[in-house]
Amino acid sequence: MELALLLVAVVLVVILVSRAIAPVGLPTPLALLGVGAVLSFVPALPDVRLSSDVVLLGLLPPLLYAAALQTSLLDIRTFRAKILSLSVGLVLFTAFGVGLVAWLLLPIPFALAVALGAIVSPPDAVAATAVARRIGLPRPIRTILEGESLLNDATALVTLRTALAAAGLAAHGAGDHGPEDVTVMSVSQDLLIASFGGVAVGVVAYLLIGTLRRQLTEVPADTALSFVAPYLAYVPAEQVGASGVLAVVTTGLLLAHRAPSLQSAPSRLSERINWSSITFVLENAVFLLIGLQVSALLSDVGSQNLGRTLLVGLAVLVACLVLRPVWMLGQAAIWLAVHRVDPEVRRTRLRSAALGSWAGMRGVVTLAAALTLPEETPLRAELLVIALVVTVGTLVLQGTTLPALARALDVRGPDPREDALVEATVLGATTGAGLRLVEADPAADPAVIGTLQSMAEARVNRAWERLGTLGPADDETPSEAAARLRTTMIREERAELLRIRDAGQVDHAVLTTILGQLDAEETALAWAATRGAALRESPLRPPDRIVGGCEHLLATEVPVPPRTAEGCPTCLAEGMRWVHLRACAHCGAVGCCDSSEGRHASAHAAEAGHPVMRSIEPGEAWRWCYVDEVLG
């Protein structure tokens, strides 16, 4: 009963705190960490102590799996050299650097000091992902940080086991190694078994789950399978001495990459929704539970040794904060010394390295690794407090100042307008492919094809309408007006449906089906409306030039200036309203977009034979070729 009450209390605190601090803008992990620390000193509350098994088996696999599902396998492959440098090289560099500091300050063997270094060396996947999403880091930096935090745990845990074996202590999963068995060869062998074995087990788990998914047609069964997927990878890998962390990450990356072919659309949607709820609870509960350890850990140390322990903890924290920039900025300096690049690339490289070097927040893995220290470890309580100081210190110092550093370095995330532009182009290409397929079917009903063409055109126009400012009336776009009216209709339809339900006139199963359809449609409309509003509220800055083109785009690298700045002349003459404005790149004629009533830009291109137009909306610098349907 106490366990059930504790779980309910943790979830409720997570929900209430995250909701309470939403208007303030304080990071939720930091707020929960502080709340947990305060609650740990309340005498009436039970003493909450986490075990290593709870963290390593109960929390770590699903958290890693959820993070892997949101990470691109192709992006990991693109930045694999940088990710491996951080997840292996930086972890070892930090472990031995921190080990030297701890060995000089504490009466412990050097091997145990290195074990402490291994505990505090890996940045946390949960913290890195949360901060990267919150402040909108550039995609390459975000991919590198997420990839590093997903893969570095294996290096840290192998280093920890090896260091404890060298110190003559039995570690969690240390195998049969003793102090005399720890050699360079044995360490290399353990690392290879952990890494390649973990990846191999992850691939096998992926193949097994993929085979099962092909046989499953029920959405609930497929979603339930995803709940056990992390453990199907983690547990076997740990049993054979491989890295369960790498196994889970490999399985998650491969399943996410192959999801469009392994799962149905309803299954993917269900999995996404369910895992978002699980991730919300676990990610935030981890930091609350870390805070709840504070009082117990401090009491274990005792008042006599507490001052020295905290000072050593601060010294180790400073070492962690210094060693990461030394490694990353040093690597960037060496790369720039070898490669000749222009000044802008040099500045970008150094800024990215500086920002990444300050994104080393520790979290659940550090706490879990510290809890694996055997009970007979010298100064075990002090080492746990030091790990806690590093975790809390990096979360507070780096988590709160990273956004300001990103602004100071002028390192910005992806431009939402450029993303919307690329999205509209890709959507047009995919929609065109689908239309060409059905139009080529000789048995297709022309009326049905016409309906599909209208639906496809409206879908593409909705994407284009998110760009630019509004028309002369400064009101909503046609798609926004249609979505608003359709939402109003849905709410009235739902009200009538509930009236029919309350009257008991129709079977409940039928009503539930119709209600589900209305909810799905309203959710899609609300999601699209939110994205459009967020885009329009974003800063109007010119996007980077989009690579790609054709002979027509190459011939209009320097477009002719627009003939007028007053708007679409034809719309003004005929009393119409436009949505967005375009200008012919060949002659400068101004016309309205295809979402507008007149579609005068397209009409001019067809009449004059001028293939390229460009946007003249504020903050936009893209062109479009009507002939080749290419963005430039």
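Conventions adopted
- Residues numbered from 1 in each chain as written.
- Predicted model: local features only at pLDDT ≥ 70, side-chain atom pairs only at ≥ 80, totals over all residues.
- Heavy atoms only, no water.
- Helix = DSSP H or I, 4+ residues; strand = E, 2+ residues; numbered from the N terminus.
- Buried < 20%, exposed > 50% of the residue type's maximum accessible area, 1.4 Å probe, protein only.
- Areas by Shrake-Rupley, 256 points an atom, 1.4 Å probe, with all protein chains shown as cover.
- Axes fitted to C-alpha atoms, helices over the stretch in contact; angles between N-to-C directions.
- Left-handed = near helix turned anticlockwise from the far one by under 90°.
- Contact = heavy atoms within 4.5 Å.
- Nonpolar A, V, L, I, M, F, W, Y, C, P; charged D, E, K, R; others polar.
- Salt bridge = Lys/Arg side-chain N within 4 Å of Asp/Glu carboxyl O.
- Phe/Tyr/Trp six-rings, centres within 6.5 Å; stacked < 30°, edge-to-face > 60°.

1. Considering the overall build of the protein
Within the protein one finds 24 helices and five strands. Buried positions account for 46% of the 632 residues belonging to the protein. Roughly 30200 Å² of accessible area belongs to the protein as shown, and the carbon and sulfur atoms make up 65% of that amount.

2. Notes on the packing of helix α2 (residues 28–39) against helix α12 (residues 265–292)
Look at α2 against α12: their axes get within 6 Å of each other, and the N-to-C directions meet at 30 degrees. When the axes of α2 and α12 are compared, the crossing they make is right-handed. Seen from α2, the contacting residues are Thr28, Pro29, Leu32, Leu33, Val35, Gly36, Ala37 and Leu39; seen from α12, they are Asn284, Phe287, Leu288, Ile290, Gly291 and Leu292. Class assignment for the residues of the contact of α2 with α12 results in ten nonpolar, four polar and no charged.

3. A short note on the pattern of salt bridges
For the coordinates displayed, the defined rule picks out eleven salt bridges. For Arg380, the salt bridge identified is with Glu375, shortest N-O distance 3.9 Å. Taking the relative accessible area as the measure of exposure, Arg380 reaches 16% and is therefore buried.

4. Remarks on the packing of aromatic side chains
This model, assessed by the stated rule, comprises four aromatic pairs. A ring pair is formed by Phe93 and Trp327, whose centres lie 5.3 Å apart and whose planes are at 40 degrees; its orientation type is tilted. With Phe93 in helix α5 (residues 80–105) and Trp327 in helix α14 (residues 303–338), the pair connects residues that are 234 residues apart, well separated along the chain. Overall, Phe93 belongs to the partly exposed group, its relative accessible area being 30%. Ring centres 5.7 Å apart and planes at 85 degrees place the aromatic pair Trp103 and Phe110 in the edge-to-face group. Of the aromatic side chains, those joined through ring pairs into one cluster are Tyr65, Phe227 and Trp275.

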